[in-house]
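A closer look at the structure
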Amino acid sequence: MPSVTSVRMWLRALFHRDRIERDMSKEMQFHLERETELNIRRGLSLDEAQRAARVAFGGVEQMKDASRDTRGTAHIESIARDIRYAIRSLKNRPAFTLTVIATLALGIGANAAIFTLVDALLLRPLPVAHPEQLVIVSDPAQVNNNNVGSPVTDFVSFLLYRDVRAHNALFTDMYASGGSGPIDVKMGAGTDATAEQPRARFVTGNFFSVLGVPAYAGRTFTAAEDEAPGEDPVAVLTYDYWQRRFSGSFAAIGSVMRVNDVAITIVGVTSPGFRGDIVGQPLDFWLPMMMDPVIQPRMNLLNDRGWSWLMMMGRLKPGVTLEKARQEISAIEANAIREHLSGLELSQFDENLEQTPIHVVSGARGFSERRAEYGKALWVLMAAVGLVILVVCANVSSLMLARTVARSREMTVRMTLGAGRGRLIQQMLIEGTVLAIVSSVLGLLAATWGTRVLLANVSSASNPIAIDTTPDARVLAFTATMALASVLLFGLLPAFRATHVDLATSLRSQGRNLMGAARVGGGRLPFGRALVVAQIALSMWMLIGGGLLVRSMQQLLHSDLGMDRDHVVAVRVRTARSQYVGARLAQFRRDLVDRVARLPGVDAAAFADHGLFSGGACGRHVDVSGFIPQADSERQVACDNVGPNFFHAIGARLIRGRDIEARDLETGPPATVINETMAKRYFAARDPLGATVTVDSVRYTIVGVVRDFQSSDVRGKPRREMYLVFNDPTMGETGQAKLSVHVRGNPSRFVGPIRRAIEEVDRTLPIAVDPVNDLVRDTLSEDVLLVQVTTFFGIVTLVLAALGLYGVTAYSASQRTSEFGLRAALGAEPGDVTRMVLGEAVRLAIVGVVIGVPAGLAATRLIRAQLFGVGTIDLPSLSMAILVLVATAVVASYLPARRAANVGPLEALRLE
Amino acid sequence: MAASSDVLQGTLDLLVLKALALAPMHGWGISQRIQQLSRDALRIGQGSLYPALYRLERKGFVKSDWSTTENNREAKYYQLTAAGRRALSSEQREWRRFADAVDLVLVAEG
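Residues numbered from 1 in each chain as written. Chains lettered and ligands numbered in written order. Predicted model: local features only at pLDDT ≥ 70, side-chain atom pairs only at ≥ 80, totals over all residues. Heavy atoms only, no water.

Observations regarding the overall build of chain B
The helix and strand inventory of chain B stands at four helices and three strands. Counting from the amino terminus, chain B carries its helices and strands in the arrangement α-β-α-α-β-β-α. Burial analysis of chain B (110 residues in total) assigns 39% to the buried set. Residue pairs at least 24 apart in sequence account for 48% of intrachain contacts in chain B once pairs closer than 6 positions are excluded. Within the structure as shown, chain B displays about 6,400 Å² of accessible surface, and the carbon and sulfur contribution to it stands at 53%. (Helix = DSSP H or I, 4+ residues; strand = E, 2+ residues; numbered from the N terminus. Buried < 20%, exposed > 50% of the residue type's maximum accessible area, 1.4 Å probe, protein only. Contact = heavy atoms within 4.5 Å. Areas by Shrake-Rupley, 256 points an atom, 1.4 Å probe, with all protein chains shown as cover.)

Following this line, the structure appears as structure tokens:
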């Protein structure tokens with residue numbers, strides 16, 4: 001029960017320590033003097049009187065300690081003293097301090113940076129009310145064949161959403177949202193109004209109320225606003241778009257923007273933290289679902305069960321578990337699909353359902369395709385930076401150890417004088433903590449910068465990534481934990497080691513240097529050596545993993561894709577909502593090809609609906625003459641519509657028959673070229689040329705077989721593909737005219753000329769021109785990220801290991817100066833000493849390698865999924881890694897070895 | 001004399017409080033006063049006197065101030081607070097009860 005007085009006393013004791021200490025000394029002094037006077041009066045001499053007084057008093061210092069204890073601040077005082085002492089002694093050794101802080105900041109910063117990404121993309125819940133109640137029905141991140149439409153994702157149609165919503169009883173409500181196709185927005189009324197292409201999503205009117213997202217300014221949608229098609233031309237903006245486009249002006253709310261030439265009133269803005277229900281994907285504004293038929297006419301997205309384009313999210317009623325929802329909702333959805341199927345389709349649906357059930361998963365973290373795309377890579381990076389911090393700790397640990405060994409005399413003396421081991425350890429830990437705190441702050445700053453750089457590196461215009469990278473409480477907590485763990489790692493070990501002093505031996509051996517160093521803190525630093533070996537083993541790990549990723553990257557970037565990737569330029573011209581429709585569009589495509597083909601240096605140009613690496617794909621069910629399918633899946637073929645000379649223009653190789661030609665556009669039976677895989681599957685030994693493939697009751701005649709080539713994904717396995725003649729202008733799906741242009745020489749040089757040629761045909765349309773290899777690289781952005789970051793950290797760990805090795809070699813060489821001198825005196829050549837020191841360092845490196853290689857090889861299995869074209873044991877990269885490490889060891893220990901060799905006998909003796 | 005330094009912990013506080021109840025005093029004076037009042041039977045080990053003084057000060061039973069002695073020397077004087085006076089009387093009662101109890105036991109034994 002501390003009284004006010006005692007608290008005041010305690011605070012006074014804490015903050016006026018110096019004055020209190022002075023008072024106390026003065027008081028003791030007074031007491032001693034009075035005692036002495038008394039003794040003199042009793043007849044003792046001055047000397048005897050003083051001695052007797054001191055004896056009567058007892059130890060002054062013990063007395064003071066006992067008095068300090070009664071003040072109850074002894075412990076805090078000792079910590080405060082240690083902090084001051086630590087800061088002072090760190091200031092006195094700027095080189096040491098800066099090195100430690102820089103490496104620690106790097107390690108902690110790297111971890112914080114990667115964790116920021118992991119957190120934002122993989123862990124963080126949506127910033128909405130009670131995210132744990134949200135449930136995703138039909139997960140677009142999964143593959144599902146149950147829904148009509150794209151075979152590779154799990155979207156649903158608007159009508160299916162209506163059915164599920166009407167029948168479910170477990171959700172308080174559910175909403176649907178779907179991406180818009182390309183749209184353009186004009187601000188202002190004048191003819192010079194700027195057009196831009198923002199990203200918008202169509203959402204049902206209850207989107208914001210189900211998620212529980214309030215408006216930051218203005219209002220969000222009301223359920224009544226999404227009742228009738230085309231009735232409510234309103235939009236809600238994201239905060240970012242509002243800031244970017246309207247400079248955060250409140251006047252923007254209530255103003256009108258023209259979306260695909262439809263006047264839309266901006267009614268509100270959402271809070272800064274909310275970026276939509278899709279994590280990692282940038283978004284500009286939301287439109288009511290019912291506005292879709294007006295804004296995207298000709299698509300009929302709301303009334304066609306064949307259009308699966310929506311994601312569904314529901315909010316569980318209180319008390320309902322996800323498991324219960326999984327059973328009931330998937331049954332409801334399955335029944336709703338069944339109702340509109342019959343005969344063969346129905347039995348196939350039931351068959352498919354057995355294999356891939358309807359996905360009903362937690363929606364707490366929102367939708368994300370990026371999560372699947374980058375998830376594994378991020379965990380690999382997290383492991384990599386985990387290794388980095390271990391190496392950093394080992395390094396700092398040996399630096400601290402070297403320092404404490406240098407201070408061993410001080411330690412020994414203090415312990416002889418009775419300082420407790422605990423006090424010394426406390427002091428060293430506090431020094432570590434001061435270092436860790438400073439480094440963490442710097443590390444966090446570096447991390448914020450680092451994540452932006454990382455994101456900028458993997459983001460591209462066609463594949464942008466938007467995630468929140470401002471460090472939040474979780475990132476701060478993570479960083480603090482990191483810092484604490486490192487203090488324990490690098491502070492505790494040397495502290496125990498350094499205070500583990502055999503007093504007698506160490507006092508005796510102080511200053512005795514000939515033929516053997518002082519044995520304090522473990523003689524020639526065996527502990528330091530163990531740390532170096534650990535660092536080298538960890539670097540080995542890193543180098544093995546990094547080497548594999550680099551090799552795989554080379555394969556990805558340069559592997560043979562079956563077409564001439566280095567000489568093709570891809571052109572996309574957006575024709576949606578332009579004057580080009582029907583026959584005019586067909587003519588436009590031909591005009592573009594003709595114009596571009598006339599450019600000097602261009603071998604061939606051809607148009608196609610999807611073309612190469614455009615991100616689009618389509619699949620069809622086909623009937624092949626003479627082939628009887630056993631299952632429906634055997635009828636599935638990927639397809640594209642292509643114009644004349646397509647295979648020539650992409651540099652693919654025709655194995656049999658001919659390319660699509662100009663005459664195929666005009667008359668005669670529609671032609672198609674199939675790939676090798678399709679030919680093997682359907683024709684085996686038969687001759688495919690002249691056979692027919694029926695798609696949507698149009699019969700195509702096979703005129704050629706092309707060698708398999710990758711058109712959308714470097715890693716993809718070859719699949720059945722066919723290329724139908726693009727003779728029906730209404731067939732295109734993409735709203736873009738796409739050309740592939742084969743050029744002689746560096747494709748980048750053709751980007752400008754091709755763009756100008758197209759502008760000669762029509763300068764009003766948006767044009768994109770890219771070398772195909774750039775598009776390929778875009779699909780590999782996560783591999784590029786992985787390789788760049790692991791390479792960087794691989795170099796960092798290598799440099800740290802080299803520093804560690806240098807430190808230990810230099811230290812042990814300096815400890816043996818007199819030994820070397822003696823050897824020199826006895827006739828050793830400088831070369832002998834150099835070899836001896838170098839040999840020792842290389843032995844350490846080899847021990848590290850021997851430990852690191854098996855561990856590294858075992859770990860590579862974790863990154864198998866990221867690899868392409870290399871096995872998990874890749875001899876070239878493995879031997880390269882070993883070579884690099886041993887070479888680094890030699891370089892790092894060469895200087896200390898040279899120095900050791902130059903020690904003369906006199907110099908060594910002078911040290912004694 | 002031998003027993004003097006082992007004054008029971010609680011007793012030391014009581015003796016210090018009692019000595020200060022007579023007049024404000026410095027530390028050395030307190031030890032002299034106790035020795036004198038006990039006719040040299042109790043000699044306070046100074047090693048325990050000052051911790052006791054600081055302890056009492058922390059409890060708010062005494063307060064201290066620097067002032068000048070009769071010989072013109074700076075010394076730290078301690079004096080009882082109101083709380084200290086209350087503590088002294090209750091401690092005194094406690095001690096009587098304790099001493100009487102011990103006495104009773106000793107009488108019965110004799």
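Some remarks on the sheet that holds strand E3 (residues 74-80) of chain B
Residue and element names in this part refer to chain B. As summarised here, the arrangement of the three strands in space is E1-E3-E2, forming an open sheet in which the pairing is antiparallel. Every other strand in the sheet has two partners, leaving strand E1 (25-26) and strand E2 (62-68) as the edge strands with one partner each. As paired elements, E1 and E3 share two bridges and run antiparallel to each other. The residue of E3 that forms the bridge with His26 is Tyr77. (Pairing = 2+ DSSP bridges.)

Description of the packing of helix H6 (residues 94-123) of chain A against helix H15 (residues 421-458) of chain A
Relative placement of two packed helices is described by the angle separating their axes and the distance separating the axes. Residue and element names in this part refer to chain A. It is the contact of H6 with H15, at a shortest axis distance of 6 Å, that shows an interaxial angle of 45 degrees. The angle between the axes of H6 and H15 places the two elements in the oblique class. For H6 against H15, the interelement crossing comes out right-handed. Here H6 contributes Thr97, Val100, Ile101, Leu104, Ala105, Ile108, Gly109, Ala112, Ala113, Ile114, Thr116 and Leu117 to the contact with H15, which in turn contributes Leu435, Ala436, Val438, Ser439, Ser440, Leu442, Gly443, Leu444, Ala447, Thr451, Leu454 and Leu455. (Axes fitted to C-alpha atoms, helices over the stretch in contact; angles between N-to-C directions. Parallel < 35°, antiparallel > 145°, perpendicular 65-115°, else oblique. Left-handed = near helix turned anticlockwise from the far one by under 90°.)

Regarding the pattern of salt bridges
Residue and element names in this part refer to chain A. Overall, the coordinates contain 28 salt bridges over all chains when judged by the stated rule. Of the charged contacts in the structure, one is a salt bridge between Asp623 and Arg635, with a shortest N-O distance of 3.3 Å. Pair noted here: Asp623 is in strand E16 (residues 623-624) and Arg635 is in the loop between E16 and strand E17 (636-642), with a separation of 12 residues, a long-range link. The class for Asp623 is partly exposed, based on a relative accessible area of 39%. (Salt bridge = Lys/Arg side-chain N within 4 Å of Asp/Glu carboxyl O.)

Some points on the nonpolar core
Residue and element names in this part refer to chain A. Counting 167 residues, the largest nonpolar core has Phe647, Phe709, Met722, Val741 and Ile754 as its most contacted members. Residue contributions to this core peak at 16 residues, all from helix H13 (residues 369-406). Setting aside its immediate chain neighbours within four residues, Phe647 contacts Ala652, Leu654, Asp659, Ile660, Val673, Val706, Phe709 and Tyr723. (Core = buried A, V, L, I, M, F, W, Y, C linked by side-chain atoms within 4.5 Å.)

Section: the pairing of E3 of chain B
Most of E3 of chain B sits out of view: five of its seven residues are buried. Linkage of E2 of chain B to E3 of chain B, two consecutive antiparallel strands, is achieved through a turn of five residues, within which Asn72 of chain B is found at a positive phi near 65 degrees.

Structural notes on the pairing of strand E20 (residues 692-695) of chain A
Residue and element names in this part refer to chain A. Pairing geometry for E16 and E20, over two bridges, is antiparallel. Each residue of the ladder has a partner; that of Asp623, found in E20, is Thr694. Here four bridges tie E20 to strand E21 (residues 698-706), and the two strands are oriented antiparallel to one another. If you follow Val695 over to E21, its bridge partner there is Val698. Hairpin geometry of E20 and E21 is characterised by an intervening segment of two residues between the two adjacent antiparallel strands and by a positive phi of about 45 degrees at Asp696.

Thoughts on the confidence of the model for chain B
The predicted model of chain B averages 80 in pLDDT, with 87% of residues at 70 or higher. Predicted confidence for residues 1-6 of chain B stays below pLDDT 50, and this span has six contacts to residues more than four positions away or in other chains. (pLDDT = per-residue confidence, 0-100.)

Digging into the packing of helix H27 (residues 830-860) of chain A against helix H28 (residues 875-901) of chain A
Residues and elements named next belong to chain A. Between H27 and H28, the least distance of the axes is 8 Å, while the angle of their chain directions is 150 degrees. With respect to H28, the axis of H27 lies roughly antiparallel. As H27 runs across H28, the sense of the crossing is right-handed. Residues Pro830, Val833, Thr834, Val837, Leu838, Ala841, Val842, Ala845, Val849 and Val853 of H27 touch H28, and the partners they reach there are Leu878, Ile882, Leu885, Ala889, Val890, Ser893, Tyr894, Ala897, Ala900 and Ala901. For the contact of H27 with H28, the per-class residue count stands at 18 nonpolar, two polar and no charged. (Nonpolar A, V, L, I, M, F, W, Y, C, P; charged D, E, K, R; others polar.)

Some remarks on the environment of Asn111 of chain A
Residues and elements named next belong to chain A. Within the secondary structure, Asn111 sits in helix H6. Exposure remark for Asn111: the relative accessible area of 2% places this residue in the buried category. Here the alpha-carbon distance between Asn111 and Met382, two residues 271 residues apart in the chain, equals 7.0 Å. In contact with Asn111, other than residues within four places in its own chain, are Met382, Val385, Gly386, Ile389, Phe478 and Met482.

A closer look at unusual backbone geometry
All names here are of chain A. At Asn260, a position not held by glycine, the phi torsion is positive, near 45 degrees. Its location among the elements puts Asn260 in the loop between strand E8 (256-259) and strand E9 (262-270). In this structure Asn260 comes out as buried when scored by relative accessible area, which is 7%. A positive phi angle, near 70 degrees, is found at Asn645, a position not held by glycine. Positionally, Asn645 belongs in the loop between E17 and helix H20 (646-650). For Asn645, a relative accessible area of 35% translates into the label partly exposed.

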